[in-house]
Structures are given as structure tokens and as C-alpha cells.
Amino acid sequence: VHGMRRDETSTQVKLASTNALLNSLEFTRANFEKDAERHFIMQVVCEATQSEEVQVKVAALQCLVKIMSLYYQYMEAYMGQALFAITLEAMKSETDEVALQGIEFWSNVCDEEVDLQIEASEASEAGRPPEHVSRFYAKGALQFLVPALMSSLTKQDEYDDEDDWNPCKAAGVCLMLLATCCEDDIVPHVLPFVKDNIKHADWRHRDAALMSFGSILEGPDPAQLKPLVEQAMPMLIELMKDGSVVVKDTAAWTIGRVCELIPEAAINPATLQPLLEALVIGLASEPRVASNVCWAFTSLADAAYEQADCGDEEETPATYSLSAFFSPIVEKLLWTTDREDAGASNLRAAAYEALMEMVKNSPKDCYDTVQKTTVIILQRLQQVLQMESHIQSQSDRVQFNDLQSLLCATLQSVLRKVEPAHAPAISDTIMTALLQMFQSSTQTRSGGVQEDALMAVATLVEVLGDGFIKYMDAFKPYLLIGLKNTAEYQVCHAAVGLVGDICRAMGGRVAQWTDEVMEVLLSNLGDNSVHRTVKPQILSVFGDIALAVGPEFRKYLEHVLQTLMQASQAQVDRSDYDMLDYLNELREGCLEAYTGIIQGLKGDGTSPSPDLSIVQPHVSYIVQFITVVARDSEHSDASVAASAGLIGDLCAAFGRDIVQLLDVEPISDLLTAGRRSKTTKTKTLSTWATKEVRKLKNATSTAP
């Protein structure tokens, strides 16, 4: 701080001192808590912001930005006197680095005040005063900040690189944060600027007007915004035809924001048709514009489907507001994915993404188009797989893999819409293509493609049910390769999940393949190099396998119970939240495994099968484990649900013999907490388990 003083003559010393302070601000809490020391630091920093040397000025402003987020509570004395004027002046500076820090300062104020609002509402829910309170600096400064931000928004370069950070982009972000922070109060400050500039002769002003309108759509009350947006729609549609590509791009982005945040205004019958026409034409615009149009379609499809008349939550609606336009939109999106320049601005991925949302959210009267799309996607997948032999370079390989992944994901979304009766007709072609993908991706070690292909197989299993059995022999080698691919743990994770899906779809018919699968799963659990996210899932899949093969599971039981015993005793560093989450996931996996084993061995008969006797010696350990989970103050809602399910199953399986084990305080406390859970599943399971325990207690007390 000494080297930053006004009378220090050497710029280098000043700059070095200012940067040193910037890097040590986290550690100066003790100094900030003392008035005199804080006053001195603030005075020196504020003086340094007035330096003639740009680098010193910027470094001093960076200090203020950081001080604001670290020491918000201490700033009241300086805000009115100094900080407000310094940062506002910085925002108006012609030097980009200076202006950026000025804008950043107010973005930080908004971030802090939004957090403080959340803290205040949590405190009032809990009926206690909040620890820190907001001073509402952002609301107070709105009338000065908004004009300064608007002026930054009009300073964009025509050939601006998407990755460059400049005052114009920072101002857009700051405006969005202000809208979130000040809510309804921001609208009257921004609207006049929009009205005055939306038809301005200079494209920079038209673009700034659009940008500021799009930025305030999240924060203020949607009911207050809806009439404004409805009024603006014709103008937004008009600007999609603007002469400037920058304006078209921002118009498409703003329409996308409307579709996402205030969809009623977009689906309004008065403007729906012209809006869709403008968007479809927009798909042929420059890639950056078309990419934003795709995003608008993604939100629009979702919103129209939400609004459709539908008797039942689960049922597909018969029709919706986009039905008449569905086929041409899908056609144009498919055309967009094939554009020569679809590699730019992430356009190809955005178009496939929009296509998936359109299909996923399609009503019954668009099913024809969905079926046609399925055929087109399959043809494309086959064409892409034939291109394999022409790959010359690494960049070709990357594009090839990305395309495979996109087509795989699209295939999944169309498959989910195909009626079960129509699935077998196309499943052979799909499976052949997927097997070819497995074959090539295993040779070239493309984990991403393997993972996507495994997910596509999972969707096929979901649609075909036990009809999938005819593909098992051809598919099994690739399933085992996936399970053994512990280096790319996402692939392994997808393969383990798929084993669970296959067990649920085929039941006892999986018994012929389980030996090899179990062998790999057990060795993965014992291997320390296997990524930890895979392990809880393997435990839970033991439950799926046990449930599917029933008494056949006896041959694995010894090994599995041994493994579960080890896993259920795992300890982690409790100060690390990630590790606590992992511990809960491990425990959920163990509880689900025990549940599957007990249900599988018990059988479907009215009286429990004699096979259960093998688990009998482990029962007291299982109950003791449930008690450990119950007593852990950090247990997750899902582990409460899994415990409740297991308690109920233990009652059904072992009857009276188990009552005195379960009728203990930690377990009844756990079930009481579960019945009060906000999650329906936990509530239902806990209520059911409580009844099962009560039934047994009554039976025991009346027994002779």
C-alpha cells in the first residue's frame, strides 16, 4: 500500500504495489475489519484510480472490483463519496480496459445483492434475521447506470470476433444482472431507449436497442412484460430482415429469449404465423443468425407442447399450435444440418438440437413426419458410416465422430416417439448401424461415440422390451468392452446403466449372460483405478441382476455380500462436500443392491421362498447398516427412500423374526423424517414401510 501512494514517483513501483495488493486482497480481512486501516487502503486505492498511467488506473479499478465482492458489508462509507463517481466515470472511459472494470464493478454489485436477496428470503422462511443485508446500491444507481450501459452497447465493431471480451458485451451482461437484481424497477429506465433507437438509421443503435430489450426479459414480473413483448413482436419480426447481419443476429437472439422466458407472447395467434415464417427464412441466413433461430425453435417447441390441451399429464396431446407448420419446420431444420457452412457458429449441433426438441415435443397429428424423420436420420447414419473409409486427417475424424454422436442423439429422440408396434420394423436397421459404430469406435478408441451408441441401445431396449433379446448375442461383446473401458469412465458408466436396463426389460432371460457380466463388475469394484462415479452404480445394478435372475443369483451371493459389506463401511473426509455426496451415492447403491437381492430371492409367491435362508445370517448386519445411515446427519433424501424401501422388503421377507431388530428409535425416526419429505417417492416408501412394521408388531403382540 505504501508504494501506491500519490507521492510515489516511479510508475513501476506503483504498478507492482497495486498488483500485489490485488493478489493479496483475500488475506487482508483483518485489515478491512479495522476502520483506520480500511480507510487508509480505500483512500490509496481510490487515489490510484485517478492515475494518468492506464495500467495503474486499471489495476486500481481491479482492486475495487474485487474489494466490492469480498467486503461488500464495509462499503457504505465509501460508496456515496467516492466509489459511485469513480466507477461511473470509468464506465464512460474511451479506453476499453478502464471501461470494462467500471462495468465489472457494477456486475459484481448485482451478484452480491442477488445473493443477499436469496439469503434474506431464506432467513425470513426460517424466521430469523439475515446475517448480512443488501444496501440496494444497484437500485439506487439505476438512473445513472442504464444510460452509461446503453452508450457502451452502441460501440460495437462490425467484424467483432465472438471470443473477444469488450465493453459492449460486458454491458449486455451487466444489464441482464441488473434486471435480475432490480426486477421491475429497471423497465422504465430501459424502454425509452429501446423506443428511440429501434428504428435508428445507424445499425449500432438498432442493435443496442434490441440487445437492451432482450436483456431485461428475465427478472421483472412476466405479467408486466407480456403486453410490452406482444407489442414489440411485429418489430422484432421485421428486424429479422434487417440489412445488418449483427442486427439480424441480435433480433434472432431476442426472439429466442422471448420464446424461452415469455413464450405466451410468442405463441400468440396474432403473430405466430409471421413469426414462424421469419424464423424459417432466418435458417437460411448467416450461420450466427441461423444458430440463434435454432435456439428459438428449441424453446418454442417446448412451450407450444406445454400449452397444448391434454387430458392426462402422461398422454401425448392430439394437436398443438405448431401442427400446421410442423412438417415445413422439420424439413428446413434437416436442410440446415446439411448446409455447407454448418460447421460455423455451432450451427449443425444447434439445428440437430432443435430437431430433437421438435420431435420430442410433437403431438399425435405430427406422427407421420416423425416417422419420415426416423427414416431420414437412419439413412444419414448409414451414409456417415460409409464415409469412414475416406477419413484422411485428424480433423476429419473429429467431424466424423461429432456427426455420429449428433445422429445417435437424434435417433434416440425419434425412437422415444415411435409407437411400440412400429419399432420392430426399424429396429434391425438401427441395431446394424449401432453395431457398426461400436466396431469402428472400438478400433479407433473414440470413447465419445461409444458412450452415445450405448445410450442409443438403451433407448432401443426401452422401446422393444424383451424383443431386444434377438440382438443380445451380437451385442454382448461390445457391452463387455464398454464395461471394461474403465479408462473412459463415462463409457463404463453408460454400459453399467445399460446392464440395469436390459435386466429390467428381459427379466429371467438374462441368466445366460450374467456370468461374464458379473465377473467384470466385481473386478471393477475391486480395482482402485476405476473412477468413483461408476462404483455406486455397479452396486445398484447387482440389485437389478438379482431381481431379474431370482434364485439363480445364489452363485454370486457370497462374493456380492462380501463386497457390499466393504462398501457399506466406507469412510470419507467429511469436510469435502463432493466426498459426502459420493458417500451417500455409495450407500444408496448398497441399499438398492440389498433390496434387489431380497426381492429376487423371495420370489413372487405368496409365501417367501426357502432361498431366502442364505441371506438370513446377514440380516442383522443389514439392519445395523440402515441404522448407520439413519444416524448420519448428512444423509440424502434418496438414501432415506432406499432405506424405507429396504425396511418394507425386510418385513415382507422375514416376517415376525425381524420385528425386534427394526423396532428401534433411529429407524422409527428415519421413517418419520421420510414421511415428511418433500419428495413423493420418499414419502410413499416411508409410509408403506411404517405400515409394514406396524402390521408385524400387531401380529407379534397378539401371537400366542
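Residues numbered from 1 in each chain as written. Predicted model: local features only at pLDDT ≥ 70, side-chain atom pairs only at ≥ 80, totals over all residues. Heavy atoms only, no water.

Caption draft 1: Local environment of the packing of aromatic side chains. Tallied over the entire structure, the rule returns 12 aromatic pairs. When the centroid spacing of 5.4 Å and the interplanar angle of 50° are considered together, the rings of Tyr 72 and Tyr 137 count as tilted. Placement of the pair is Tyr 72 in the loop between helix H4 (54-70) and helix H5 (76-91) and Tyr 137 in helix H7 (residues 137-153), with a sequence separation of 65 residues. Using a relative accessible area of 11% as the deciding quantity, one classes Tyr 137 as buried. Pairing Phe 84 with Phe 144 gives two aromatic rings, centres 5.4 Å apart and planes at 70°, and the pair type is edge-to-face. Pair noted here: Phe 84 is in helix H5 and Phe 144 is in helix H7, with a separation of 60 residues, a long-range link. Given the relative accessible area of 39%, Phe 144 is considered partly exposed. Sitting above the plane of the Trp 335 ring, Lys 332 keeps its charged end 4.2 Å from the centroid. (Phe/Tyr/Trp six-rings, centres within 6.5 Å; stacked < 30°, edge-to-face > 60°. Helix = DSSP H or I, 4+ residues; strand = E, 2+ residues; numbered from the N terminus. Buried < 20%, exposed > 50% of the residue type's maximum accessible area, 1.4 Å probe, protein only. Lys NZ or Arg CZ within 6 Å of the ring centre and 35° of its normal.)

Caption draft 2: The arrangement of the packing of helix H31 (residues 665-675) against helix H32 (residues 680-702) in detail. At a closest axis distance of 7 Å, the pairing of H31 and H32 adopts a crossing angle of 140°. Here H31 lies oblique to H32, going by the angle between them. For the pair H31 and H32, the sense of crossing is left-handed. Taken together, the residues of H32 that come into contact with H31 (itself represented by Leu 671, Gly 674 and Arg 675) are Thr 682, Lys 683, Ser 686, Thr 687, Ala 689 and Thr 690. (Axes fitted to C-alpha atoms, helices over the stretch in contact; angles between N-to-C directions. Parallel < 35°, antiparallel > 145°, perpendicular 65-115°, else oblique. Left-handed = near helix turned anticlockwise from the far one by under 90°. Contact = heavy atoms within 4.5 Å.)

Caption draft 3: Seen up close, unusual backbone geometry. A positive phi angle is found at Ser 345, which is not glycine, with a value near 50°. In this fold, Ser 345 is placed in the loop between helix H16 (323-337) and helix H17 (347-360). Residue Ser 345 is classed as partly exposed on the basis of its relative accessible area, which comes to 27%. Phi at Asn 346 takes a positive value of approximately 60°, unusual for a residue other than glycine. Secondary-structure assignment places Asn 346 in the loop between H16 and H17.

Without other data, these values stay purely geometric and don't point to any function.
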